[in-house]
Amino acid sequence: MDFAASIATAEAGGDRAPAETSSLLIRHHKTGAAHVSIGLPTGGHVLHLAAATCLFNDLHTAAAQRGLRLGPVSVRADGGFDDTMTASTGIRVSVEISGEAAADELRTLVLETFDVSTVACVLRRGTSVEIAEIVTRTTTATPPPTTAARPLGGSTVG
């Protein structure tokens, strides 16, 4: 599989400070840089970010194929889940796009690109999700540090 993604526990006190999830500036393979915003690092937020990111990327690819030069582009995906958090109530996508083209041409670009955007297509059609592997490691609890007892009142007997 070529599209792996992961998240892992970070070591406390590492050499990099954690970034806030509200807005990250990332290196981007189509635009040089992009701002990524996510409220919390939950599965639901990341699912919506995947839909938005995929359409964002696809818009830049489709525009280049058509010889259109884009200006700023923003794609936001939002949605909710049922009470059991096991079924989506739907995902809604909003696009703000500018470029060296007429408004109708930009609108057509968005609509046609959305129809074939990979993540949106997969979500519309559904897919299997299964566990491929489970690796377990047993850790031992570290006992709390011991401290020498100090007598009350600040004086020592000796």
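Everything discussed here concerns the structure shown above.
This text gives an overview of the structure that appears in the document. (Residues numbered from 1 in each chain as written. Predicted model: local features only at pLDDT ≥ 70, side-chain atom pairs only at ≥ 80, totals over all residues. Heavy atoms only, no water.)

On to the overall build of the chain. When helices and strands are tallied, the chain shows three helices and four strands. The linear arrangement of helices and strands in the chain, starting from the amino end, is β-β-α-β-β-α-α. Every one of the 158 residues in the chain was classed for burial, and the buried ones make up 18%. When contacts within the chain are restricted to residue pairs at least 6 apart in sequence, long-range pairs at least 24 apart make up 45% of them. Split by element, the accessible area of the chain, about 13100 Å² in all, is 55% carbon and sulfur. (Helix = DSSP H or I, 4+ residues; strand = E, 2+ residues; numbered from the N terminus. Buried < 20%, exposed > 50% of the residue type's maximum accessible area, 1.4 Å probe, protein only. Contact = heavy atoms within 4.5 Å. Areas by Shrake-Rupley, 256 points an atom, 1.4 Å probe, with all protein chains shown as cover.)

Of note, M85 is a non-glycine position whose phi angle comes to about 60 degrees, a positive value. As for its position among the elements, M85 is in the loop between β3 (70-81) and β4 (88-99).

Turning our eyes to something else, we now look at the pattern of salt bridges. A pair can form between side chains of opposite charge whenever their charged atoms are brought close. Counted by the stated rule, this structure contains three salt bridges. In this structure, the salt-bridge partner of R69 is E100, at a minimum N-O distance of 3.7 Å. Here R69 is found in the loop between α1 (43-66) and β3, whereas its partner E100 is found in the loop between β4 and α2 (103-116), with 31 residues between them in sequence. Exposure class is identical for R69 and E100. Each is exposed. As a salt-bridge pair, R76 and D78 come within 3.7 Å of each other at their nearest N and O atoms. Given a relative accessible area of 54%, R76 falls into the exposed group. (Salt bridge = Lys/Arg side-chain N within 4 Å of Asp/Glu carboxyl O.)

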